[in-house]
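Fold and geometry: a report
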Amino acid sequence: LKANRPFFDPEIKDLGSQGAVLGIDDNNTTGRFTGQSFTLKTVIIADPSTLEAQFKSLLQDKQSYFLIDLPADAMLSLSRLPEAKDAILMDVANGDDRLRGHDCQSNVFFLMPSDAMPLMVNEHSFSSAFQFTTCSGMSFSKLRKSLRKL
């Protein structure tokens, strides 16, 4: 399942995964000196009817940080599961405004700006629009605290 994209924003296979692999490799290089190690598990759900079961399986395997590219309804479904209350779901592609408004969930971070955000042309405004965004129900301290546990 993928979030809907406009025609001028084509999906490039493995682009995000390859960047994440490179980031994990880089962090593990530094981690050798700090006693840390990081892993990446890529899961592609081909059959939408198995999404919830596979997500619950990942949660049972103690996975708690997710980069997710799903339509809004599927993201809501996963974020509302009782088993996911302590997980961090990072929505990498969805601009749906309702996820940041009346359907706000405290365990979801948005990496892309909302569809309601006007696109600014100058460099400062453009770069600030692509920072972590969240709805009012979430605290960034939750993310910081959970990352410190790694």
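Here the structure is shown first, and the text comes after it.
Reference entry: report on the structure contained in this document. (Residues numbered from 1 in each chain as written. Predicted model: local features only at pLDDT ≥ 70, side-chain atom pairs only at ≥ 80, totals over all residues. Heavy atoms only, no water.)

With that settled, the discussion passes to the overall build of the protein chain. Of the regular secondary structure elements, the protein chain holds 5 helices and 3 strands. The buried share of the protein chain, reckoned over its 150 residues, is 29%. Restricting the contact set of the protein chain to residue pairs at least 6 apart, pairs at least 24 apart contribute 45%. Taken as a whole, the protein chain presents about 10,100 Å² of accessible surface, with 56% of it coming from carbon and sulfur. (Helix = DSSP H or I, 4+ residues; strand = E, 2+ residues; numbered from the N terminus. Buried < 20%, exposed > 50% of the residue type's maximum accessible area, 1.4 Å probe, protein only. Contact = heavy atoms within 4.5 Å. Areas by Shrake-Rupley, 256 points an atom, 1.4 Å probe, with all protein chains shown as cover.)

Looking along a regular strand, one sees the side chains alternate between the two faces of the sheet. Only one face of strand β1 (residues 65-68) is covered, namely the face carrying Phe-66 and Ile-68; the face carrying Tyr-65 and Leu-67 is uncovered. Where β1 lies against strand β2 (residues 88-91), 4 bridges are found, and the strand directions are parallel. Across the sheet, the residue bridging to Leu-67 is Met-90, located in β2. (Pairing = 2+ DSSP bridges.)

With that settled, the discussion passes to unusual backbone geometry. Positive phi values are uncommon outside glycine, yet Lys-62 reaches one of about 70°. Here Lys-62 shows up in the loop between α2 (51-60) and β1. Note on Lys-62: relative accessible area 73%, which makes it exposed.

Moving on, we come to α2. Within the span of α2, buried status applies to Leu-51, Phe-55, Leu-58 and Leu-59. End-on view of α2: buried residues confined to an arc of 100°, all on one side of the axis. Exposed side chains of α2 directed beyond 90 degrees from the buried face belong to Ala-53 and Gln-60. Contacts from the buried residues of α2 go to β1, α3 (72-79) and β2. Lys-62 lies just past α2 and shows a positive phi near 70°. (Arc of directions from axis to C-beta.)

Geometry only, nothing functional implied.
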